[in-house]
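Residue-level listing of the chains:
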Amino acid sequence: MASSLTKDSVQPGTPGSGKTFFGHPRGLATLFMTEMWERFSYYGMRALLPLYLVAPAGLHLDAATATAIYSVYLSLVYLLALPGGWFADRVLGPRRTVAVAGTVIMLGHLTLALPSAGTFYAGLGLVAIGSGLLKANISTMVGHLYDGPDDPRRDGGFTIFYIGINLGAFAAPLVIGTIGQKVNWHLGFALAALGMALGLAQFLLGTRHLSPRSNVVPTPLSDREKAATLRKAALWAAVAVVFYAVVGFSGAYTLNWVMVPIIVAGLVIPVVVLARIKRDKELDPTEQSRMSAYIWFFVAAAVFWMIYDQGGSTLSIFADGRAENSIFGWHFPVSWYQSVNPVMIMAFAPVFAALWLALARRGKEPGTATKFALGLILVGASFFLFLAPLSIAEGGHKAAALWLVAIYFVQTVGELLLSPVGLSVTTKMAPAKYASQMMGVWFLAVTAGDATTGLLGVAGVNLDKMGIVALEATLAVVAGAAVWIYRNKVKQLMGDVN
């Protein structure tokens, strides 16, 4: 998107006063471009990842293992968003944390570009750490540009920022995916590093336009807390080093020694965090009731993301070997399927926003529980639709590309019903004590869903078989039906939150 910097009549003292970016604080241009390039690097690498894992010229793994690695990686990214927010709040502040995150992500992509299996997994770890640090903080800095939650430009600013995310996600598979698949896998990963380098340069050059609040550490650690935190970190690091050294020297090491602990953490930590908040006696009865309702949404979201995120693994690996990846005789790389969702999001998100406003004016807008139920049913329907190309492939033929496009379309509609609504209801229902932590809790739903997929992959379950696909689809539809049946009870628990 071309930037449009013009003079605007912003009140003196308003963050970003003076030149503006489409009528918004100029710092939004910095964060827009930073996030666009970061998403370009992230989604480009993600589009290549499962294909590289199964490719004979790549790591040549089986589909179940590749899906497990992909799912564990996604789970780790969202799991690390929670400590990423803590790190900014207590140690560096959002601005410096994002600068560190961009550097770590860039180094991770460069490590992926090295032609070695060992460095490849190290690169994945670095990208996950950097993404967790960045994801938790860059949106916070967008909020800092405005005069509080009542600033009339705030929602529009986040909408523009969201466009940047999807522009990067749309372009990445077309560029990085093509180079990686058609020229050289590691050159593709190197292009992802270049994308992050451009984003980091944009961020560092434009930091002067950001709000001074983004450079503040909200609740810095005391000297005593720093010492205690360092001791604990050193202790756990030493335990990990000793444990994996013993496993490695014993000859028993396999990749599962890394993946299984991450999967367990991805399943246990969300439960522990929700239980801790729910059992907090400082919450008043209204907040307790809202948390009971929120658990419904959290579980529903975990089921949704378990299926939805397989669009980048199970569906991609299926397309790589058993789909006719061409339209009207024009062939395209498999990674291009990953551009379908972001372009549909950009096309349909304004439509849904307008639809909800129109229905709200008539007093007919569906409630949050109804939207969640529909989202779950649609993601289940997408996997019922997946049974058709699976059946065609089992008959010895290659499935048409439009089957996969149709699946991504149904999933995108489901995402628009559930994801933005989930983000909104998370902020509305958050107990005052946990207001700044609840967005990290929402990300844990993605962690739990992807960890479940990773667990199935580690167990050797082939997720592209008709039986397991039908089972997952049925689970989502049943979960959606349950949310719809109990929607009035959930609404009652929500109290005055709509």
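Conventions and cut-offs
Residues numbered from 1 in each chain as written. Predicted model: local features only at pLDDT ≥ 70, side-chain atom pairs only at ≥ 80, totals over all residues. Heavy atoms only, no water. Helix = DSSP H or I, 4+ residues; strand = E, 2+ residues; numbered from the N terminus. Rg over C-alpha atoms; globule rule 2.2 N^0.38 Å. Buried < 20%, exposed > 50% of the residue type's maximum accessible area, 1.4 Å probe, protein only. Contact = heavy atoms within 4.5 Å. Areas by Shrake-Rupley, 256 points an atom, 1.4 Å probe, with all protein chains shown as cover. Lys, Arg positive; Asp, Glu negative; His and termini not counted. Charge placed at Lys NZ, Arg CZ, Asp CG, Glu CD. Core = buried A, V, L, I, M, F, W, Y, C linked by side-chain atoms within 4.5 Å. Salt bridge = Lys/Arg side-chain N within 4 Å of Asp/Glu carboxyl O. Patch = residues over 30% accessible without salt bridge, like charges linked within 9 Å, V, L, I, M, F, W, Y side chains within 5 Å. Phe/Tyr/Trp six-rings, centres within 6.5 Å; stacked < 30°, edge-to-face > 60°. Lys NZ or Arg CZ within 6 Å of the ring centre and 35° of its normal. pLDDT = per-residue confidence, 0-100. Axes fitted to C-alpha atoms, helices over the stretch in contact; angles between N-to-C directions. Parallel < 35°, antiparallel > 145°, perpendicular 65-115°, else oblique. Left-handed = near helix turned anticlockwise from the far one by under 90°. Nonpolar A, V, L, I, M, F, W, Y, C, P; charged D, E, K, R; others polar.

Description of the overall build of the chain
Then step 1. Scanning the chain for helices and strands turns up 17 helices and 7 strands.
Then step 2. A compact globule built from 498 residues would reach a C-alpha radius of gyration of about 23 Å, and the chain, at 22 Å, matches this within 12%.
Then step 3. Counting all 498 residues of the chain, 50% fall into the buried class.
Then step 4. If you take every contact in the chain between residues at least 6 apart in sequence, the share linking residues at least 24 apart comes to 79%.
Then step 5. Summing over all exposed atoms, the chain offers an accessible surface of approximately 21,800 Å²; the carbon and sulfur share of this is 67%.
Then step 6. The centroid of the 35 positive side-chain charges in the chain is displaced by 4 Å from the centroid of its 25 negative side-chain charges.

As for the nonpolar core
Then step 1. In this structure, M45, Y73, F120, Y294, F372 and L404 are the most contacted members of the largest nonpolar core, which totals 103 residues.
Then step 2. A total of 13 residues in this core trace back to one element, the largest contributor, which is helix α10 (residues 285–308).
Then step 3. Residues contacting L404, with those up to four places away along its chain left out, are L315, F318, A319, A323 and Y337.

Some thoughts on the environment of H144
Then step 1. With respect to the helices and strands, H144 occurs in helix α5 (residues 117–144).
Then step 2. What makes H144 buried here is its relative accessible area of 10%.
Then step 3. C-alpha separation for the pair H144 and I263, spaced 119 residues apart in sequence, amounts to 34 Å.

Overview of the pattern of salt bridges
Then step 1. A full pass over the atoms with the stated rule returns 7 salt bridges.
Then step 2. With a closest N to O distance of 3.0 Å, R90 and E225 form a salt bridge. Of this pair, R90 sits in helix α3 (residues 81–92) while E225 sits in helix α8 (residues 223–249), and the two are 135 residues apart along the sequence.
Then step 3. Between D280 and K433 there is a salt bridge, with the nearest N and O atoms lying 2.7 Å from each other. With D280 in the loop between α9 (256–278) and α10 and K433 in the loop between α14 (401–429) and α15 (438–458), this pair connects stretches of sequence that are 153 residues apart.
Then step 4. By relative accessible area, which is 43% here, K433 ends up partly exposed.
Then step 5. Each of E35, E38 and R39 takes part in a single network of salt bridges with overlapping partners.

A short note on a nonpolar patch on the surface
Then step 1. A cluster of nonpolar side chains, F243, Y244, Y253, W257 and V258, forms an exposed patch at the surface whose accessible area comes to about 420 Å².
Then step 2. Counting residues per element, the ones that place at least two in the nonpolar patch are α8 and α9.
Then step 3. Turning to its location among the elements, W257 is positioned in helix α9.
Then step 4. Judged by relative accessible area, which is 33%, W257 ranks as partly exposed.

Focus on the packing of aromatic side chains
Then step 1. All told, the structure shown has 26 aromatic pairs when counted by the stated rule.
Then step 2. Here the aromatic rings of F304 and W305 are separated by 5.1 Å at their centres, their planes lie at 90°, and the arrangement is edge-to-face.
Then step 3. Given the relative accessible area of 0%, F304 is considered buried.
Then step 4. An aromatic cluster is present here, built from Y52, F120, Y121, W185 and F189 joined pairwise through their rings.
Then step 5. Note that R39 overlies the ring of Y42, its terminal NZ or CZ placed 4.2 Å from the centroid.
Then step 6. One Lys or Arg, K135, reaches over the ring of F443 and ends 5.7 Å from the middle of that ring.

With respect to the confidence of the model for the chain
Any segment with low pLDDT has predicted coordinates that should not be analysed in fine detail.
Then step 1. Looking at the chain, the pLDDT average stands at 89 and 95% of residues meet or exceed 70.
Then step 2. Contacts of residues 1–17 to residues separated by more than four positions or lying in other chains number 34 contacts, the stretch itself having pLDDT below 50.

Here's the deal with the side chain of D450
Then step 1. Note that D450 resides in helix α15.
Then step 2. For the buried D450, no salt bridge exists, and the shortest N-O distance to an oppositely charged side chain is 6.7 Å, to R46.
Then step 3. Not counting chain neighbours up to four residues away, the residues in contact with D450 comprise S71, L74, S75, W305 and D309.

Notes on the side chain of N341
Then step 1. Mapped onto the elements of the fold, N341 is located in helix α12 (residues 340–361).
Then step 2. According to the relative accessible area criterion, N341 is buried, its value standing at 16%.

Here's the deal with the packing of helix α1 (residues 27–54) against helix α2 (residues 63–79)
Then step 1. Interaxial distance between α1 and α2 falls to 8 Å at its minimum, and their mutual angle equals 155°. Relative to α2, the element α1 is oriented roughly antiparallel. The hand of the α1/α2 crossing is right-handed. Contact residues: α1 offers Y42, M45, R46, L49, P50, L53 and V54, while α2 offers A63, A66, I69, Y70, Y73, L74 and V77.
Then step 2. The residue inventory of the contact of α1 with α2, partitioned by class, reads 13 nonpolar, no polar and 1 charged.

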